[in-house]
Amino acid sequence: MPSFAGDPRHERLVGVLVPLLRRSCPPGGGGFGGSHELRLRVDEAKELGGIALIRSAMRKAGQSLGWVRLQTFGGSFPQVAVAGVVDRREASAEFAAAVEEYQLQRGRTAVEVMGRTRQDGKPRAVPGSVFVVAQEFRAAYAEGVAG
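The shown structure was predicted, so the numbers you read here are calculated from the model rather than taken from an experiment.

The rules behind each value
- Residues numbered from 1 in each chain as written.
- Predicted model: local features only at pLDDT ≥ 70, side-chain atom pairs only at ≥ 80, totals over all residues.
- Heavy atoms only, no water.
- 1 Å grid on protein atoms, 1.4 Å probe; cavity = no way out; pocket = protein on both sides within 12 Å on 5 of 7 lines; lining within 4 Å.
- Points joined across faces, edges and corners; volume = space filled by probe spheres on them.
- Helix = DSSP H or I, 4+ residues; strand = E, 2+ residues; numbered from the N terminus.
- Nonpolar A, V, L, I, M, F, W, Y, C, P; charged D, E, K, R; others polar.

Enquirer: Help me understand the layout of surface pockets, please; the structure alone is not making it clear to me.
Expert: Size it by volume and the largest pocket reaches roughly 660 Å³. Forming the walls of the largest pocket are 26 residues, and the residues nearest its centre are Arg-106, Pro-127, Gly-128, Ser-129 and Val-133. Residue assignment for the lining of the largest pocket shows that the elements contributing at least two residues are helix H1 (8–24), strand S1 (35–40), strand S3 (81–87), helix H4 (93–120) and helix H5 (130–146). Examining the composition of the lining of the largest pocket, we find that nine residues originate from one element, H4, more than from any other. Each pocket or cavity is described by its volume, and for the second largest pocket that value is around 200 Å³. The wall of the second largest pocket is formed by Gly-33, Gly-34, Ser-35, Val-86, Asp-87, Arg-88, Arg-89, Ala-91, Val-99, Tyr-102, Gln-103 and Arg-106. For the lining of the second largest pocket, the secondary-structure elements that each account for two or more residues are S3 and H4. When residues of the lining of the second largest pocket are assigned to their parent elements, the largest contribution, four residues, is made by H4. Residues that form the lining of the second largest pocket fall into these classes: four nonpolar, four polar and four charged.

Structure (structure tokens):
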């Protein structure tokens, strides 16, 4: 991956991503178990510096939170650009139950929402969904640029 050291777009993205990654961590999980997936329009990702720059910023933001074992992923496709980061550290015994319960609850919520959507055909914006995460990112980025 290329180095983006000194690129102001990279630093701006890191500044925006750190609080979003922190919020992705399970409550009571001691900072373990966070993840963040960002889906943007292809042109929007290019304006931000491209997927490689976004992935690099995600890596740096995760490392600043102590995510010493993390995974990034991403790519551009005809309809969407995707980038993400996952904290791969094993939660210490003190926090493992909270992290596991949070992940199970997110799965249950996703299944429940899909079932309700299938029943009535009304799409729902669920906290943590890729739609909501993208909107939160856009708002935080716009605030960081304006501020």
